[in-house]
Amino acid sequence: MQNREERFVVSTRPGRQLELPFDTVDRQSESSSEPHGQSCAANTDTPALGDPQWDLMELIVDWDNMDRAWRQVRSNRGAPGPDGMTIAEFPDWCREHWPTIRQQLLDGTYRPQPVRRVTIPKSDGGERMLGIPNVLDRVIQQAIGQVLTPIFDPEFSASSFGFRPNRSAHGAIKQIQQTIRQGHRYVVDVDLSKFFDRVQHDVLMSRVARKVRDKRVLKLIGGYLRAGVMVDGVKQPTTVGTPQGGPLSPLLSNILLDDLDKELERRRLPFARYADDFVILVRSHYAARKVMASVSRFVTRKLKLVVNAQKSAIRRADGVEFVGFVFRTRRADIRVSAKNFDRLKARVREITSRNRGVSFARMIGELSRYLRGWMGYFGLASTKNVFSRLDEWIRRRVRMYLWKQWRLPRTRIRNLLRLGVPRDLATPHGASRKGYWRLAKTLGGHLGMTKQWLRAQGLVFLRYLWGDLAPLRRTA
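As the structure is a prediction and not an experimental result, all values here were calculated from the model.

Novice: What am I meant to see in unusual backbone geometry here?
Specialist: Only a minority of non-glycine residues have a phi that is not negative, and only a minority of peptide bonds are not trans. One non-glycine residue with positive phi stands out, namely Asn166, at about 60°. By secondary structure assignment, the location of Asn166 is in the loop between α5 (135-152) and α6 (169-181). Given a relative accessible area of 86%, Asn166 falls into the exposed group. Phi angles above zero are rare outside glycine, and Arg268 is one such case at about 60°. Within the secondary structure, Arg268 is located in the loop between α10 (249-266) and β8 (271-274). We classify Arg268 as exposed; its relative accessible area is 78%.

Novice: In this structure, what is going on with the pairing of strand β12 (residues 325-328)? I would like to understand it.
Specialist: Each regular strand displays side chains that alternate between the two surfaces of the sheet. Summarising the sheet, strand β11 (residues 321-322) and β12 pair through two bridges and their orientation is antiparallel. Its bridge partner being in β12, Phe322 is matched across the sheet by Phe325. What sits between β11 and β12 in their antiparallel hairpin is a turn of two residues, with Val323 showing a positive phi close to 40°. Here β12 pairs with strand β13 (residues 333-336) via four bridges, running antiparallel. Across the sheet, residue Phe325 finds its bridge partner in β13, namely Val336. If you look at the hairpin formed by β12 and β13, you'll find four residues sitting between the two strands, and Thr329 has a positive phi there, around 70°.

Novice: Where do I start with the packing of aromatic side chains in this structure?
Specialist: Geometrically, a pair of aromatic rings is defined through the distance of the ring centres and the angle of the planes. Scanning all chains against the criterion turns up 13 aromatic pairs. With a centroid separation of 5.7 Å and 40° between ring planes, the pair formed by Trp70 and Phe90 is classed as tilted. With Trp70 in helix α3 (residues 63-76) and Phe90 in helix α4 (residues 90-107), this residue pair connects regions lying 20 residues apart in the sequence. Each member of the pair, Trp70 together with Phe90, is buried. Aromatic side chains Trp374 and Phe378 sit 4.8 Å apart centroid to centroid with 40° between the ring planes, which places their arrangement in the tilted category. One end of the pair, Trp374, and the other, Phe378, are both in helix α13 (residues 360-378), four residues apart, so they sit about a helical turn from each other. Exposure remark for Trp374: the relative accessible area of 8% places this residue in the buried category. Joined through ring pairs, the aromatic side chains of Phe325, Phe341, Trp374, Tyr377, Phe378 and Phe387 make up one cluster. Just above the ring of Phe461 sits the side chain of Arg395; from NZ or CZ to the centre is 4.9 Å.

Novice: For this particular structure, what's the right way to read the packing of helix α15 (residues 409-418) against helix α16 (residues 423-431)?
Specialist: Geometry of a packed helix pair, given as the angle between the helix axes and the separation of the axes. Where α15 meets α16, the closest approach of the two axes is 8 Å, and the angle between their N-to-C directions is 150°. The angle between α15 and α16 falls in the class roughly antiparallel. In this structure, α15 crosses over α16, and the sense of that crossing is right-handed. Across the interface between the two elements, Pro409, Arg412, Ile413, Leu416 and Leu417 from α15 touch Arg423, Ala426, Thr427, His429, Gly430 and Ala431 from α16. In terms of residue class, the contact of α15 with α16 is built from six nonpolar, three polar and two charged.

Novice: Where do I start with the pairing of β8 in this structure?
Specialist: In the sheet, β8 pairs with strand β9 (residues 277-282) via four bridges, with the strands oriented antiparallel. Residue Phe271 lies in a different strand from β9, and its bridge partner there is Ile280. Here β8 folds back onto β9 in antiparallel fashion, the turn holding two residues, of which Ala275 has a positive phi close to 60°.

Novice: When you look at the sheet that holds strand β4 (residues 127-132) in this model, what are you seeing that I'm missing?
Specialist: Consider a sheet: its strands pair through backbone hydrogen bonds, and that pairing is either parallel or antiparallel. The four strands lie next to each other as β4-β3-β6-β7, forming an open sheet whose pairing is mixed. Strand pairing shows two members of the sheet lacking a second neighbour, β4 and β7 (234-236), which therefore form its edges. On average, each strand axis in the sheet is inclined to that of its neighbour by 45°, with strand direction left out of account. Pairing of strand β3 (residues 115-121) with β4, which is carried by six bridges, proceeds in the antiparallel orientation. Bridge pairing in β4 links Val118 to Leu130.

Reading the values: the criteria
Residues numbered from 1 in each chain as written. Predicted model: local features only at pLDDT ≥ 70, side-chain atom pairs only at ≥ 80, totals over all residues. Heavy atoms only, no water. Helix = DSSP H or I, 4+ residues; strand = E, 2+ residues; numbered from the N terminus. Buried < 20%, exposed > 50% of the residue type's maximum accessible area, 1.4 Å probe, protein only. Pairing = 2+ DSSP bridges. Phe/Tyr/Trp six-rings, centres within 6.5 Å; stacked < 30°, edge-to-face > 60°. Lys NZ or Arg CZ within 6 Å of the ring centre and 35° of its normal. Axes fitted to C-alpha atoms, helices over the stretch in contact; angles between N-to-C directions. Parallel < 35°, antiparallel > 145°, perpendicular 65-115°, else oblique. Left-handed = near helix turned anticlockwise from the far one by under 90°. Contact = heavy atoms within 4.5 Å. Nonpolar A, V, L, I, M, F, W, Y, C, P; charged D, E, K, R; others polar.

So, in structure tokens, the structure goes:
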């Protein structure tokens, strides 16, 4: 059971409280208007496709749907939006205001608030702009996505893997590998320049309207697209783009790019797409040139997007990179890209920095959580020996961290003796004036801070994590 303070409460009459902010007072009236006596909640996963009478907004504000949306937003945590309200502060605020907001949504009069503009660094040295909505708008967007996903997702392409239920980047990587092994040796890599910042609202909304008949929902989605951004306290209008950072943006990107997927399927071109990253595989360089030209025209003319000519290219399949992985040899063996190894090392250096001033146990906990998450994604790669070498480097970083914490020679000698190091090794090793990094690889350090001892402290090893993920690689 959750803490009562963590759950929303709506007061409906003196002496009575209902859990969660999503007013259940009108549930009887909702049920009386439902077709054939069925509940809206029961149909959230399978709405009536193409039915002009279907009231999608009633599904969105349904108690069960909003409950699921809140739980998802809360689990994602996230920073406050422009109003500064945190996840923890939202329940008390919503307890008072949700009934009014719910009615505004049903009436079609709710107005989304601007998002907070933040930038994060990209791997190529540029910056990616994100838009952080207020918590309320995140919950509403999540609720919209939960209703629209069962409507749109079943008809999305089987070669689309990003932000979809039961699909992931691993599926895209395995599909590309199989296609390369079938003899497709050339890759058409088309880069969409600043995709999320250049989406044309009318082009996107026309595709949403193909399946969404409820004008209130269309108006609300359009309101989110045009809500504007707050930059240094000043609201700036958004006439194009769909801000990354909101729960609805991934679904909207798939809706827009589904036309591209269908066009590639019509031409019988093997491809894989993850969000706005996609590659097309062909058998010859001549075919690749024709596909590059025709697909670029389609993206520019039909979807009104911009192709980045500097980053788009025709590449050999051997060495092509996609969503962090690289394919090598004619067998398309899966590897981790060099820049992702560099990111791993940079993060490990940050966690094991000698000047952090945190306890050894806390450092080990942070490091192990990061390594588990990293390997959970990159465990698809078949590079056991590389992971073993990384483990050696990581253990040396950990030994160096502990060696720095011990500081004084007498403390080092005492701890080495406690770890079972013979005195004739512990004394000169502990009194040595050599650098931390060098001492972390000496015999004395290895005899004391053994692999077994480090595992007992909670450190995980990439090689063992990779072995546990063998089922992930069975079809790769």
